[in-house]
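Listed here are the chains, written in short residue letters.
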Amino acid sequence: MKSSLKRFLDLLCGEYSNQKQAIENPPFFAHIFLKYKAINHLQPGSILLEQSYAVDPKKPYRLRMIRAEETSSGTIKLWNHAFKDPKQFTEAMGEQTQTTNITEEDLILLDNCHYHVVEKDDGYHGGMETGCRCIVCRDGKDSYLKSSFHLEGNKLSTLDRGYDLKTNERLWGSIAGEFQFIRTSSWKAEWH
């Protein structure tokens, strides 16, 4: 693994909370935990992502496997994978036995849902790859996802919004801007 990719993954891995933002503006921002954990027994660059509401942290509403690789241009590409049976791994973030039971066969590559990440003077900037049309079903209706993030030091800002497939009208997502997370724990890994 290239040192530039390792540097990004080491910075990303950990637990994040937007508690301050949620307290300051509760009508617009739920209190959310984000967790990124290296999964070393899978392909190098594999990261388990868990998102949960602070009111029910043991029941994540999103569980994904991210695969990070550095392209020849130096851009980092993040491939998103869903779990065939997410309920089987809802405790994988904190339970080592569940984590080591994750296999390649448990994962489904999400078509057109990958990100490009570039390093700039003010940290890492990621967004959906140009031309991607990541379809998300929410409240029984399909929409396409527009997503971006900025990682700098212990701060991570994210913005996810879903749009109507025909009219391009925003259907869901933050109306008050980016979610602002602060890292509360860092988790290092021994990368291959």
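In case you missed it, the structure is sitting above this.
Just so it is clear, the model here is predicted, and its values are computed rather than measured. (Residues numbered from 1 in each chain as written. Predicted model: local features only at pLDDT ≥ 70, side-chain atom pairs only at ≥ 80, totals over all residues. Heavy atoms only, no water.)

## Let's talk about the nonpolar core
Of all hydrophobic cores here, the largest spans 32 residues; its most connected members are Phe-8, Tyr-16, Tyr-36, Ile-76, Leu-78 and Leu-156. Each residue touching Leu-156, except ones within four places of it in the same chain, is listed here: Tyr-16, Leu-34, Tyr-36, Phe-149, His-150, Leu-151, Phe-179, Gln-180 and Phe-181. Residues Phe-83, Ala-92, Met-93 and Ile-102 belong to the second largest nonpolar core, which totals eleven residues. (Core = buried A, V, L, I, M, F, W, Y, C linked by side-chain atoms within 4.5 Å. Buried < 20%, exposed > 50% of the residue type's maximum accessible area, 1.4 Å probe, protein only. Contact = heavy atoms within 4.5 Å.)

## Regarding the environment of Phe-33
Residue position: Phe-33 is located in strand β2 (residues 32-38). A relative accessible area of 17% means that Phe-33 is categorised as buried. Sequence-wise, Phe-33 and Ala-54 are 21 residues apart; in three dimensions their C-alpha atoms are separated by 6.3 Å. Among residues more than four places away in sequence, those in contact with Phe-33 are Glu-15, Tyr-16, Ser-17, Glu-50, Gln-51, Ser-52, Ala-54 and Pro-57. (Helix = DSSP H or I, 4+ residues; strand = E, 2+ residues; numbered from the N terminus.)

## A closer look at the state of the cysteines
Tallied over the entire structure, the rule returns one disulfide. Paired by a disulfide, Cys-113 and Cys-134 hold their sulfur atoms 1.9 Å apart. Where Cys-113 bonds to Cys-134 through sulfur, the torsion about that S-S bond is close to 90°, and the disulfide is right-handed. Of this pair, Cys-113 sits in the loop between β6 (107-109) and β7 (115-120) while Cys-134 sits in the loop between β8 (123-128) and β9 (135-138), and the two are 21 residues apart along the sequence. Judged by its relative accessible area of 6%, Cys-113 falls in the buried class. On the basis of relative accessibility, which here comes to 6%, the residue Cys-134 falls in the buried class. (Disulfide = S-S within 2.5 Å.)

## Some details on the pattern of salt bridges
In this structure the tally under the stated criterion is seven salt bridges. For Arg-7, the salt bridge is made with Glu-119, and the minimal N-O distance between the two is 2.9 Å. Within this pair, whereas Arg-7 is found in helix α1 (residues 3-12), its partner Glu-119 is found in strand β7, the two being separated by 112 residues in sequence. Owing to a relative accessible area of 48%, Glu-119 belongs among the partly exposed residues under this scheme. Across the pair Lys-77 and Glu-129 runs a salt bridge whose closest N-O atoms are separated by 3.3 Å. Here Lys-77, found in strand β5 (residues 76-83), pairs with Glu-129, found in the loop between β8 and β9; they are 52 residues apart in sequence, far enough to count as distant. (Salt bridge = Lys/Arg side-chain N within 4 Å of Asp/Glu carboxyl O.)

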